[in-house]
Amino acid sequence: MASPSSHFFLSCLLIFFASTCQAYPPTYTQPNKKVMNIIDSCWRSKPNWASTRQALADCAVGFGKYAMGGKYGPIYTVTNPSDDPVNPKPGTLRYGVIQTKPLWIIFTKDMVIRLNNELIINSFKTIDGRGAKVEIAYGPCITIQGVSHIIIHGISIHDCKPGKPGLVRSTPLHVGHRGGSDGDAVAIFASSHVWIDHCYLAHCSDGLIDVIHASTAITISNSFFSQHDKVMLFGHDDKFTADKIMRVTVVFNHFGPGLVQRMPRVRLGYTHVANNRYDEWQMYAIGGSANPTIFSEGNYFMAPNNVNKQVTKREVIGGWKNWKWRSSEDDFENGAYFVQSGWGSCSPGYTAAQSFPVARGSMAPALTADAGPLTCSARKAC
């Protein structure tokens, strides 16, 4: 029979082990602990974000990492939601984006901007909607053409309509005749170093984001997409071989309800699709048509309840088995599946600065939980 002292020792030992286990729970068992992706953790926890806005330019990852926007320029404040495509007034968004010098553009208040023709953005511009609820809607929307170093952050772009042929100012000294835009939310044409982050995009006449005519060095991140047919198209035409230089990173986005296809569709070039959440698709999620390279890594795919369970679609009759389409660490739910093809390395070949850790697909819902514009207040973490 054990002595009272040995009972006491055993009790202490059990209490010790119990308290040790309780003191160090694994992080994934803490439901109240917020998971923040690498882009957001770069700036959101800082209460002084409003006084150090340009620091956001250091937070991109992937191919658009080096997009500077208006990092080295002054703050320009939008106070007036009106729009004149030919003679924009100071204080309007169009007056800011056409300037030749770098500008970091912010907004004094909530506003809905209904453009009277496409908004042509000049190089080295940031549109930063933090601290206000900013919508570009119900008219033509954004054109990024023949420029570089553009950042669009924290705004909603929805219900975009085709632009009419007419005069549009693109710089303080140049007004040109435009043939009319297609009704995309954002059209990126022959441009480089572009970062779109924490935007809401939905319900436009054409695509939500088109990346065409040899545009490259682009990151699309932390954005929420919904209620649209053809979401993203990368590549002008299957025979436009200049698009082979295209490099696009699609990361931490939430593809929400009401989407049909092209999340994205890639014609040529290389696309890294990482840690995105796909709630559904009516036709397919990721597609391509002219031998692009696609690396799907750490995504969360929830297949629809209809028969279209396949994530992928190749827009050709045959001859695609050598195309490099790979899936790694993806999470497939409700019968979703990814048809892989090709062989050899599929690595994005990022520089050290561009590279970022990719979590397993089951983590994507947590990493994309705050996709879309954030509600931020000055002097408080966002």
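Residues numbered from 1 in each chain as written. Predicted model: local features only at pLDDT ≥ 70, side-chain atom pairs only at ≥ 80, totals over all residues. Heavy atoms only, no water.

Enquirer: Any chance you could break down the pattern of salt bridges for me, citing the residues and the numbers?
Expert: Once the charged atoms of two side chains with opposite charge are near each other, the side chains can pair. Summed over the entire model, instances satisfying the criterion amount to 10 salt bridges. Note that D370 is salt-bridged to R44, the shortest N-O span being 3.0 Å. With D370 in the segment after α4 (364-367) and R44 in the loop between α2 (38-41) and β1 (75-78), this residue pair connects regions lying 326 residues apart in the sequence. Exposure remark for R44: the relative accessible area of 6% places this residue in the buried category. In this structure, the salt-bridge partner of D58 is K71, at a minimum N-O distance of 2.6 Å. (Salt bridge = Lys/Arg side-chain N within 4 Å of Asp/Glu carboxyl O. Helix = DSSP H or I, 4+ residues; strand = E, 2+ residues; numbered from the N terminus. Buried < 20%, exposed > 50% of the residue type's maximum accessible area, 1.4 Å probe, protein only.)

Enquirer: How would you summarise unusual backbone geometry if you had to cite specific residues and measurements?
Expert: Each neighbour pair has its own omega, and for M263 with P264 the value is 0°, a cis peptide bond. Residue position: P264 is located in the loop between β22 (259-261) and β23 (265-266). Not every positive phi belongs to a glycine, and F124 is a case in point at roughly 60°. Tracing the backbone shows F124 in the loop between β4 (119-120) and β5 (125-128). Classification of F124 by relative accessible area gives partly exposed; the value is 29%. The backbone phi angle of A214 is positive, close to 60°, even though this residue is not glycine. Along the polypeptide, A214 turns up in the loop between β15 (209-212) and β16 (216-221). Relative accessible area serves as the criterion here: at 22%, A214 is assigned to the partly exposed category.

Enquirer: So what's going on with the nonpolar core? Residues and values would help.
Expert: In terms of nonpolar packing, the biggest core is built from 63 residues, with L93, I142, I144, V186, I209 and F225 touching the most fellow members. If you tally residues by element for this core, the top one is strand β2 (residues 103-107), at 3 residues. For I209, the residues in contact, after removing those within four places along its chain, are V186, I188, I196, L201, I220, F225, V231, M232 and L233. Within the second largest apolar cluster, 26 residues are counted, among which are V61, F63, W104 and F252. (Core = buried A, V, L, I, M, F, W, Y, C linked by side-chain atoms within 4.5 Å. Contact = heavy atoms within 4.5 Å.)

Enquirer: Describe the state of the cysteines, naming the residues involved and giving the relevant values.
Expert: Two cysteines, two sulfur atoms, one covalent bond between them: this is a disulfide. In the structure shown here, the tally under the stated rule is 3 disulfides. Paired by a disulfide, C141 and C160 hold their sulfur atoms 2.1 Å apart. Disulfide C141-C160: torsion about the S-S bond near -90°, hence left-handed. Taken together, the positions of C141 in the loop between β6 (134-137) and β7 (142-145) and C160 in the loop between β9 (156-158) and β10 (166-171) put the pair 19 residues apart, joining distant regions of the chain. The residues C141 and C160 share a single accessibility class, namely buried. Here C376 connects covalently by a disulfide to C382, the sulfurs 1.6 Å from one another. (Disulfide = S-S within 2.5 Å.)

Enquirer: Can you tell me about the packing of aromatic side chains, naming the residues and giving the values?
Expert: By the definition in use, this model includes 12 aromatic pairs. Taken together, the aromatic side chains of F225, F255, Y278, W281, F301 and F332 make up a single cluster linked through ring pairs. Taking the ring centre of W43 as reference, the NZ or CZ of R130 above it sits at 4.7 Å. (Phe/Tyr/Trp six-rings, centres within 6.5 Å; stacked < 30°, edge-to-face > 60°. Lys NZ or Arg CZ within 6 Å of the ring centre and 35° of its normal.)

Enquirer: With reference to specific residues and values, describe the confidence of the model for the protein chain.
Expert: Segments scoring low in pLDDT should not have their predicted coordinates read at a detailed level. Per-residue confidence for the protein chain gives a mean pLDDT of 92, with 91% of residues at or over 70. Considering only residues more than four positions removed or in separate chains, one finds that residues 1-32, a stretch of pLDDT under 50, has 2 contacts. (pLDDT = per-residue confidence, 0-100.)

Enquirer: Quick rundown of the environment of T219? Include the residues and the values.
Expert: In this structure, T219 sits in strand β16. What T219 contacts, discounting residues up to four positions off in sequence, is V61, G62, F63, G64, K65, V194, W195, I196, T249 and V251. Looking at T219, its side chain comes within polar contact range of the main-chain oxygen of V61, at 2.7 Å. Engagement of the side chain of T219 in a polar contact is seen with the backbone nitrogen of G64, the distance being 2.7 Å. (Polar contact = N/O pair within 3.5 Å; in protein donor to acceptor, adjacent residues only side chain to side chain.)

Enquirer: Quick rundown of the side chain of S215? Include the residues and the values.
Expert: Assignment of secondary structure puts S215 in the loop between β15 and β16. Owing to a relative accessible area of 0%, S215 belongs among the buried residues under this scheme. Polar contacts involving the side chain of S215 include one to the main-chain amide nitrogen of A190, which spans 2.9 Å. One polar contact links the side chain of S215 to the main-chain carbonyl oxygen of I212, over a distance of 2.8 Å. Among residues more than four places away in sequence, those in contact with S215 are I188, F189, A190, S191, D243 and M246.

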